[in-house]
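What the coordinates show
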Amino acid sequence: MIGTFLQPLRHRLILLFAIVLVIPSAFGVWAAIGSYRGQIAVARDAPARFAALASNYEANLLWQSQQIVQNLSRDDQVLTVLRGTEDGRVKLDCSEAFTRTVKPYPSYGTAVLFNLAGNAMCQWDESKQLINVAKREWFKTVVATSAPTLSGYLMSPALHEPIISYAAPVFDVDGTLKGVISLGIRLNWLSAIGQEPGLPNSGEITLLDRYGAVLVSSTGDGEQALDALPAQSSIDSIIRGGARSLEAPGGDGEPRIYAVNALGNNDLFIVFSLPRAAVIDPLLRDLMVQIGILCLVSIAGMMAALLGARHLVTRWTEKLTEAANSMSLGNLFADTELRGAPSEIRQLGENLKAMASRIEHREADLRESLAQKQLMLREIHHRVKNNLQIVTSLLNLYARLPRGDAFKQTFSDLQMRINALALVHRHLYESEDLKEIDLAPFMKNLCALLQDGSGIPSRRVRMTFEFPNLRMIGDRAVPLALLTTEILTNCFKHAVPNLGSGSIKVSMVVAPDGEACLSIIDDGIGPAVREDGDAVSTMGTTLIAAFTRQLGGTISVVGPPGTSTTIRFNVLPLKADHAANADEAFAPDQAAESGAEPDDNRALEAATDRV
């Protein structure tokens, strides 16, 4: 199918331009896809950077809390209180130290020193009534690990507002754990999360505690904060599985890209999310635009190649092809003017025109020569026919001499054979190609000629004919005509003697493979036989056998009653072996081998010489 498509020149030019355009376009598409993948990787890394940027304030707040706790844990008044002193002045000094250290930072709502029993020993604001925290998780964690920690979401009974507690251990000079300092960080103070410069407007930031509870969110509280978070299973993978980036649909079903930044000892988690449509879709749209532009360039290039090839090349080749086709049909003066065509195609048109002119002159010479040859051949056949008619006339004159009935009959038979040959030549020179004759009219004319020559009118012997419409070469027509002449002459002479009446049917059937069957059937007295039952051998029967061999066929005679003669032969030209045998068809020794009498052999030889 590809070979069929590429046969026209226009399609080959389009293929050439397609190769020239498609390869760079394919490289451009490949480069665009590679760039898209790189941009996707950068875009996926961007939320992690934004999460780190969004964590700056919280990280600074935790560092600040650590510094405050360190300063307070080194204060002598704080250590004195933890050592169990009941001096009111010492407790007052401890409270002043807390106030002096914590009050300048409005992000803290409380600052309390707890002993290992969970009781408040010293605080920033003594007016606040505090409860025992020995059972609080964050307190037990600090006592158990002797390391700072952050609590989860807490509702402060002293402040009546939500806080998270930064708690750190306090050690004596000998390294003994003496208590815990807790700083209550106001969640309201963290509500400004996500306002750091450099963050995208479409980004959403959520602060989670170690239990996955929402502390603050840049989208607000309640349902809006949950819409920006993934499913609970994804949150668990963040809190417990250590996942720091993932893609998942949010609570509102919109696909999002999440990046997580853990603070403290994985006590707080900054979750930054971006809608996937805001990150990936613009890149995908840019990729589709680039690919579309490259495809449009390729298509436009191929269309330009199609139109350009049509205007510059193929319309001239098509015109040249039309002229060549017209010349092949015989119009050698087809228009080959190609004004405006490329010089190579114009030169080809001029060469085609010159070649057509030479062909025309050559054909004229050939037609003249052929006409002369046909005229000469027609004249030869005509003269042969006339000469045979002259011979027949001379024989007719000799037949009138008083030499007996047998002599006259012999001359009459010879005239019939010569007339049959003359009829063949007449049909040949009347045919178009001077080589073949139409079998049906020829055989009908021959049968009518033989009946007229026999002197028996059609009212006594009725003849019927059935011949196929086919053409036969002259070399096959001559023995067929002579064979038919001999058989029908015998029928007229012997089948209906004594002025009797009868009928003769002459028919021929030709099979698809070229085998012909000639049948001549009469309802006369039947073939003559000798006393021993064999057929009487005459010169006529000898000639019939000879002409049958020349045709390369076989003959069978059935009767009485009547006589049915059937000859089977091939209407096609004889093969080499048959042609070689045809030259010896009239040899006297062959006639002798066939059972002919010596007198018959001499008669056959004499008849052959005359023919």
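The structure contained in this document is the topic of the report that follows. Note that this is a predicted model, so its numbers are computed, not measured. (Residues numbered from 1 in each chain as written. Predicted model: local features only at pLDDT ≥ 70, side-chain atom pairs only at ≥ 80, totals over all residues. Heavy atoms only, no water.)

Tallied over the full model, the rule gives 3 cavities of 30 Å³ or more. Volume-wise, the largest cavity comes out at about 240 Å³. Residue lining of the largest cavity: 17 residues in total, with Val133, Arg136, Trp138, Pro157 and Ile163 positioned closest to the centre. Every element with two or more residues in the lining of the largest cavity is listed here: strand 1 (108-115), strand 4 (154-156), strand 5 (161-171) and strand 6 (177-186). When the residues that make up the lining of the largest cavity are grouped by side-chain class, the tally is 11 nonpolar, 5 polar and 1 charged. (1 Å grid on protein atoms, 1.4 Å probe; cavity = no way out; pocket = protein on both sides within 12 Å on 5 of 7 lines; lining within 4 Å. Points joined across faces, edges and corners; volume = space filled by probe spheres on them. Helix = DSSP H or I, 4+ residues; strand = E, 2+ residues; numbered from the N terminus. Nonpolar A, V, L, I, M, F, W, Y, C, P; charged D, E, K, R; others polar.)

This next bit is on the pairing of strand 16 (residues 515-522). In terms of burial, strand 16 is largely enclosed, as 6 of its 8 residues are buried. Here strand 15 (residues 502-510) hands over to strand 16 after 4 residues, with Gly514 in that stretch at a positive phi of 95 degrees. In this sheet, strand 18 (residues 563-570) lies alongside strand 16 in antiparallel orientation, the contact comprising 8 bridges. By the bridge assignment, Cys517 is partnered in strand 18 with Arg568. (Buried < 20%, exposed > 50% of the residue type's maximum accessible area, 1.4 Å probe, protein only. Pairing = 2+ DSSP bridges.)

Let's shift gears to the packing of aromatic side chains. Within a pair of aromatic rings, the relevant descriptors are the distance that separates the centres and the angle that separates the planes. Taken as a whole, this structure holds 7 aromatic pairs when the rule is applied. Seen in terms of ring centroids, Phe114 and Phe139 are 6.4 Å apart; in terms of plane orientation they differ by 75 degrees. Their pairing is edge-to-face. Here Phe139 lies in helix 6 (residues 137-145) and Phe114 lies in strand 1, a separation of 25 residues in the sequence. By relative accessible area, Phe114 is classed as buried at 4%. A ring pair is formed by Phe465 and Phe467, whose centres lie 6.3 Å apart and whose planes are at 25 degrees; its orientation type is stacked. (Phe/Tyr/Trp six-rings, centres within 6.5 Å; stacked < 30°, edge-to-face > 60°.)

Spatial strand order, 8-7-11-10-9: 5 strands in an open sheet with antiparallel pairing. Two strands close off the open sheet at either side, each with one partner strand: strand 8 (214-217) and strand 9 (245-249). For this sheet, the mean angle separating the axes of adjacent strands, direction not counted, is 25 degrees. Bridge count for strand 7 (residues 204-208) against strand 11 (residues 268-275) is 5 bridges, and the pairing is antiparallel. Note that in strand 11 the partner of Leu208 across the bridge is Phe269. Relative to the sheet, helix 8 (residues 232-239) contacts strand 7, strand 9, strand 10 (255-263) and strand 11, its axis offset from that of strand 9 by approximately 170 degrees. (Axes fitted to C-alpha atoms, helices over the stretch in contact; angles between N-to-C directions. Contact = heavy atoms within 4.5 Å.)

This next bit is on the sheet that holds strand 13 (residues 461-466). Strand order across the open sheet formed by 5 strands is 13-15-16-18-17, with mixed pairing between neighbours. Every other strand in the sheet has two partners, leaving strand 13 and strand 17 (554-558) as the edge strands with one partner each. Adjacent strand axes in the sheet meet at a mean angle of 10 degrees, parallel and antiparallel pairs treated alike. Examined bridge by bridge, strand 13 and strand 15 share 6 bridges and lie parallel to one another. By the bridge assignment for strand 15, Phe465 is matched with Val506. Contacts between helix 12 (residues 439-454) and the sheet are confined to strand 13 and strand 15, with strand 13 contributing the most and set at about 170 degrees to the helix.

Turning our eyes to something else, we now look at the state of the cysteines. Considering all chains together, one arrives at 1 disulfide under this definition. Disulfide pairing places Cys94 opposite Cys122 at an S-S distance of 2.2 Å. Between Cys94 and Cys122, the disulfide has an S-S torsion of -120 degrees and is therefore left-handed. Linking Cys94 in helix 5 (residues 88-102) with Cys122 in strand 2 (residues 120-123), this pair joins segments that are 28 residues apart in sequence. By relative accessible area, which is 1% here, Cys122 ends up buried. (Disulfide = S-S within 2.5 Å.)

A contiguous nonpolar surface patch, about 270 Å² in accessible area, is contributed by Leu15, Ile19 and Ile23. Mapped onto the fold, Ile23 is located in helix 2 (residues 9-54). (Patch = residues over 30% accessible without salt bridge, like charges linked within 9 Å, V, L, I, M, F, W, Y side chains within 5 Å. Areas by Shrake-Rupley, 256 points an atom, 1.4 Å probe, with all protein chains shown as cover. Salt bridge = Lys/Arg side-chain N within 4 Å of Asp/Glu carboxyl O.)

Because each turn of an α-helix spans 3.6 residues, side chains separated by three or four positions end up pointing in the same direction. Along helix 8, the residues classified as buried are Ser234, Ile235, Ile238 and Ile239. Mapping the buried residues of helix 8 onto a view down its axis gives an arc of 140 degrees, with all of them on the same face. On the buried face of helix 8, the contacting elements are strand 7, strand 9, strand 10 and strand 11. (Arc of directions from axis to C-beta.)

This paragraph deals with the nonpolar core. The biggest cluster of nonpolar side chains holds 54 residues, and the ones touching the most others in it are Phe98, Val102, Leu113, Tyr166, Leu183, Leu190 and Leu207. At 8 residues, the largest contribution of residues to this core is made by helix 2. Once residues lying within four places of it in the same chain are set aside, the contact partners of Leu113 are Val78, Val81, Leu82, Cys94, Phe98, Asn119, Ala120, Met121, Cys122, Val170, Val180 and Ile181. Of all hydrophobic cores here, the second largest spans 40 residues; its members include Val424, Ile487, Leu551 and Phe569. (Core = buried A, V, L, I, M, F, W, Y, C linked by side-chain atoms within 4.5 Å.)

With that settled, consider the environment of Phe465. Topologically, Phe465 is positioned in strand 13. Measuring from C-alpha to C-alpha, the distance between Phe465 and Met443 comes to 8.6 Å, with 22 residues separating the pair along the chain. Discounting chain neighbours no more than four positions away, the residues touching Phe465 are Lys444, Cys447 and Val506.

This part covers the pattern of salt bridges. Scanning the entire structure with this criterion turns up 10 salt bridges. For Arg210, the salt bridge is made with Asp267, and the minimal N-O distance between the two is 3.2 Å. With Arg210 in the loop between strand 7 and strand 8 and Asp267 in the loop between strand 10 and strand 11, this pair connects stretches of sequence that are 57 residues apart. Judged by relative accessible area, Arg210 falls into the buried class, the value being 17%. Via salt bridges that share partners, Glu204, Asp252, Glu254 and Arg256 belong to a single interconnected network.

Right, let's talk about unusual backbone geometry for a bit. Of note, the phi angle at Ser146 is positive, near 55 degrees, even though the residue is not glycine. Position of Ser146 relative to the elements: it lies in the loop between helix 6 and strand 3 (149-150). Here Asn266, not a glycine, exhibits a phi torsion of approximately 55 degrees, which is positive. Looking at where Asn266 falls in the secondary structure, it is placed in the loop between strand 10 and strand 11. The class of Asn266 is partly exposed, set by a relative accessible area of 42%.

All quantities given are derived from atomic positions and should not be read as evidence of function.
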